[in-house]
Amino acid sequence: MKFPKYPVLAAALATLAALPACTDTKSVAATETAAATADIAADSALTANTPTAGNATAADLNNGSPATIPAGQRADAATILARPQVPILCYHQIRDWTAKDSKGAKDYIIPVAQFKAQMKMLADSGYHTILPDQLYAYLTTGAPLPSKPVMLTFDDTDLDQFTVARPTLEKHGFKAVYFIMTVSLGRPRYMSKAQVKQLSDEGNVIGSHTWDHHNVKKYQGQDWVTQIEKPTKVLEEITGKKVNYFAYPFGLWNPEAIPELKKRGMDAAFILAEKRDQQDPLYTIRRIIASGYWSPRTLHNSMVQSF
């Protein structure tokens with residue numbers, strides 16, 4: 001395959017397996033490791049059937065898409081920003097470190113045993129995974145969430161997310177969001193279209209992560225078609241479902257990107273550990289990168305500290 005518009009893409013793809021694409025220049029993982037002293041609390045009962053002010057239950061809202069929530073029931077930006085944030089974790093590669101992995105790269109590569117220990121900690125601590133429609137309903141209507149909610153997200157289409165993360169999540173009854181970079185579909189060490197469809201069929205959410213991980217802040221003209229419109233159509237053809245959630249490459253965004261995402265059917269978008277936009281917080285929902293250096297307790301402390 002040739003990439004005339006992005007001549008460095010072929011070389012970049014060759015290094016993706018070793019150097020994760022979403023490296024944040026601010027070293028997000030290091031920023032988020034400040035320890036919190038809160039102990040892990042016991043679980044409480046689910047509240048999914050609690051009625052909301054709009055006479056729909058949380059289950060009704062959570063099982064529908066944002067399109068099912070009337071515009072008149074959606075909160076304004078100030079109300080959304082005031083709601084407590086839900087912990088959202090961002091993962092990339094799930095594999096053991098090698099001698100070729102740099103110190104910085106290891107922040108984005110979770111050794112298999114470490115990942116399994118992190119998921120066990122979340123399960124043992126009473127966390128319940130939620131998906132973007134649930135988060136959207138909570139943010140826009142105040143719909144209740146399960147006790148101790150957490151969202152698990154995976155970027156870049158790495159094969160180990162299917163072969164390692166998927167069975168680990170299934171063991172604990174967890175679901176996740178997979179933000180797919182479509183240029184890598186079917187390539188060595190990346191997921192195939194069939195695997196992406198299987199994840200969707202099993203109740204996970206497939207979101208867009210652009211075509212080739214091009215920085216959104218640099219988009220001009222046809223870049224919006226190449227990076228957003230076409231990949232979205234590809235993912236919708238694969239899954240048979242609407243794709244309406246987006247994760248910014250590198251977690252980098254600018255205000256000019258938000259109306260472009262809205263025009264292309266995105267209901268929300270996810271950044272990394274930066275400040276949210278005060279006018280459109282749904283398009284700057286925060287996540288933190290789960291570092292390969294973190295023990296389960298450090299992960300929990302970082303979640304408490306960051307959200």
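Below you will find a few notes about this structure. (Residues numbered from 1 in each chain as written. Predicted model: local features only at pLDDT ≥ 70, side-chain atom pairs only at ≥ 80, totals over all residues. Heavy atoms only, no water.)

Quick word on unusual backbone geometry
Peptide bonds are trans in most cases, and residues, glycine excluded, mostly fall at negative phi.
For step 1, the next point in the chain: Although it is not a glycine, Asp156 adopts a positive phi angle of roughly 90°.
For step 2, the next point in the chain: Note that Asp156 resides in the loop between β5 (149-155) and α7 (160-171).
For step 3, the next point in the chain: On the accessibility criterion, Asp156 (3% relative accessible area) is buried.
For step 4, the next point in the chain: In this structure, Thr157 takes a positive phi of about 75° despite not being glycine.
For step 5, the next point in the chain: With respect to the helices and strands, Thr157 occurs in the loop between β5 and α7.
For step 6, the next point in the chain: Exposure remark for Thr157: the relative accessible area of 0% places this residue in the buried category. (Helix = DSSP H or I, 4+ residues; strand = E, 2+ residues; numbered from the N terminus. Buried < 20%, exposed > 50% of the residue type's maximum accessible area, 1.4 Å probe, protein only.)

Points about the pattern of salt bridges
Side-chain pairs of opposite charge can arise where the charged atoms are in close proximity.
For step 1, the next point in the chain: Applying the stated criterion across every chain yields a total of 10 salt bridges.
For step 2, the next point in the chain: Among the salt bridges present, the one from Glu170 reaches Arg166, with a minimum N-O distance of 3.7 Å. Note that Glu170 and Arg166 are positioned in helix α7 at a spacing of four residues, about one turn of the helix.
For step 3, the next point in the chain: With a closest N to O distance of 2.6 Å, Glu260 and Arg264 form a salt bridge.
For step 4, the next point in the chain: Look at the salt bridges and you will find they share partners, linking Glu229, Glu260, Lys263 and Arg264 into a network. (Salt bridge = Lys/Arg side-chain N within 4 Å of Asp/Glu carboxyl O.)

Topic: the pairing of strand β6 (residues 177-180)
For step 1, the next point in the chain: The alternating pattern of β6 places Val177 and Phe179 on one face and Tyr178 and Ile180 on the opposite face, and all of these are buried.
For step 2, the next point in the chain: Pairing geometry for β5 and β6, over three bridges, is parallel. Looking at β6, one finds that Phe154 is bridged to Tyr178.
For step 3, the next point in the chain: A crossover connection joins β5 to the parallel β6 through α7; in handedness this β-α-β unit is right-handed.
For step 4, the next point in the chain: Here β6 runs beside strand β7 (residues 205-208); their pairing, made up of four bridges, is parallel. Looking at β7, one finds that Tyr178 is bridged to Ile206.
For step 5, the next point in the chain: For the crossover from β6 across helix α8 (residues 193-201) to β7, the handedness is right-handed. (Pairing = 2+ DSSP bridges. Right-handed = clockwise from strand over helix to strand, strands pointing away.)

By themselves these figures say nothing about function.
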